[in-house]
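Architecture and fold: a report
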Amino acid sequence: MGFDAPKPKSYLNPSGNRTSNLTREHRRKMPTTVNRQDTRFPIASRGHNLRFPSASADTAGRVEYCENVEDAATALQKVIDAGLRPTVRSSGHCYEDFIVNNPNGAILDVSMLNHVTSGPNGSGPFHVQPGSMLGNIYQEFYKRANVVLPGGTCFTVCAGGHVSGGGYGVLARLRGITVDWLSSVDILTVDANGKVVPRRVDKTHDPELFRALRGGQGSNFGMITGFTFNELPPAPIEVMQAGISFDWATMTPDKFVNILITFGKYFEEHDQTKETWGIFAAMGLNNISSGRFGIGIEFTNPDGTVKDVSVLNDFMDHFQKCKPIAEAPPDYGLQSGPGRRGGNFQRPTPGDSVCYGEHVMTRSSWIESATGGGGGGIGGGSRAKYKSAYMKKTFTEAEALALYKLLTDDRSRGLIVAVDSYGGATNNPARIHDTAIPQRASVLKLQYQSYWQDEKDDEFRLKGIRDTYTAAYSTPVASQAHLGTPFWNDHYEGCYMNYPDVDMAAHDFWPQLFYGTGDLYPLLQRVKKTYDPHNIFHHTMSIRA
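This write-up is about the structure you can find in this document.

Conventions we followed
- Residues numbered from 1 in each chain as written.
- Predicted model: local features only at pLDDT ≥ 70, side-chain atom pairs only at ≥ 80, totals over all residues.
- Heavy atoms only, no water.
- Helix = DSSP H or I, 4+ residues; strand = E, 2+ residues; numbered from the N terminus.
- Expected span 1.5 Å × (residues − 1).
- Buried < 20%, exposed > 50% of the residue type's maximum accessible area, 1.4 Å probe, protein only.
- Arc of directions from axis to C-beta.
- Contact = heavy atoms within 4.5 Å.
- Pairing = 2+ DSSP bridges.
- Axes fitted to C-alpha atoms, helices over the stretch in contact; angles between N-to-C directions.
- Polar contact = N/O pair within 3.5 Å; in protein donor to acceptor, adjacent residues only side chain to side chain.

A closer look at helix H12 (residues 458–472)
Taking 1.5 Å per residue, 15 residues should reach 21 Å; H12 reaches 21 Å between its end C-alpha atoms and fits that length. Where H12 is concerned, the buried positions are Asp 458, Arg 461, Leu 462, Gly 464, Ile 465, Thr 468, Tyr 469 and Ala 472. Down the axis of H12, the buried side of the element spans an arc of 155°, and every buried residue falls inside it. The elements touched by buried residues of H12 are strand S15 (383–391), helix H11 (397–407), strand S16 (415–421) and strand S17 (444–452).

Structural data, given as structure tokens:
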């Protein structure tokens, strides 16, 4: 999938000499180029998902490290002038091959555009550059103004893709998602003449592009260099964490069904109960070989304290039919890997009952909880595959049994189905019309994850996650015309583009899976045609004008 390169004459000045479209200031700033001869190239040319580049022939020709906005503009113009395909990387957490599979192209790395600033005396506006790690954003805003950007739980994910794709996390039910607070975006686009055009877009300047960038991913339209939030909500003061786990050895289909329905039903019934919006619960369903699966919970009251934990107690009471026993709560998360925090439940002792974790809670400050993962750096990663789904209602018996059947089968070894609570403040129907996140009625958000190290295991692992996903969305509540997918109906709201899945591109209805069946995708196509007329910013699942 290429792009229509602008004609060379676009770069001729009135005297007929070829010239750059960059300003004199831009020419003074030059990015750092890492080419194939550079010893840094093997690390610089890949991301966290080690399945990509798929083959040596798919590797980019060079990486341009951009230290400031001028670097970014210079690098982009240089790549366009050379007729190469640019892909933009902030942290390298992209789940698919959209960035590093770029045969002889150029990766524009903006990880060093990482400034986080506020207005005078900690007031707004708040500015974030695309290379800013979420953990650093939380720390900076906490120190500067005691406010929070409601984002994700992985310290090292950067703002560029996370924010523009509609990132969410433990505060989503209480405060909404990142794009609900976004006021403007700085972006470099490329016009019909091949000229790099810097833009600051908001509700009154390029409003359709602004809406597209609030969930439609910046990688579709240009190169993001900054985000502005005029206001942000106050940071919580403290959180309470708790956990329940379940022993696969004594699990039965009926128990499994009951646990899943109970979990989902709570959030379905309490979606608009504001007192519960401070609960974020993550259920991690994994293969029977793991020994156990469980639920991790993080809670704060709407006032940011944990003075009243009655809501948390009530949620955990729903699982008391399992007769849990006391146990130290686990680290929050339940799963590791890109985009999630890690965490492990303690091993059960012989004779323990089915459930574990009777109302044992751990209190901590919010900032320690949000940034406890810390660290981050270059390299690392594993081979991985991901899928997603939004659910408007709790699990049906058929759905739960489909998952049970696959999770007790060797085919799903290494698979995790992360079921996150969702909805609450996120389910504001008014935000359908000014953002590119149309999923505003779901109460659960699922991420299917599989991680492994050896390339020899690719076929087995990919088949396992695909078979499980297909089975989960082939029950009677699935759209019969779209079996094997959570296509939009009264039970599902499709998929999440920040968890891209190229398997879905095999369906001609894949854009509707991710962007809904309303006016959003036609708008995104119109924006694409207007602001990226040569389709310079493209990948397997980019907007097709």
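Additional details are given in the paragraphs that follow.
With respect to the sheet that holds strand S7 (residues 184–190)
Spatial ordering of the open sheet is given by S5-S6-S9-S7-S8, a layout of five strands whose pairing is antiparallel. The open sheet has two edge strands, strand S5 (116–117) and strand S8 (196–201), and neither has a second partner. Across the face of the sheet, helix H3 (residues 69–81) comes into contact with S7, S8 and strand S9 (223–229) while running at roughly 25° to S7.

Details of the environment of Ser 111
Inspection of the secondary structure assignment puts Ser 111 in the loop between strand S4 (106–109) and S5. In this structure the C-alpha to C-alpha distance between Ser 111 and Ser 91, which are 20 residues apart in sequence, comes to 6.2 Å. One polar contact links Ser 111 to Asp 109, side chain to side chain, over a distance of 2.5 Å.

Brief notes about the sheet that holds strand S1 (residues 32–35)
To summarise the sheet geometry, strands pair through backbone hydrogen bonds and adopt either a parallel or an antiparallel arrangement. If you trace the four strands from one edge of the open sheet to the other, you get S1-S2-S4-S3, paired in mixed fashion. Here the strands that pair on one side only, and so sit at the sheet edges, are S1 and strand S3 (86–89). Within the sheet, the average angular offset between the axes of one strand and its neighbour, ignoring direction, is 25°.

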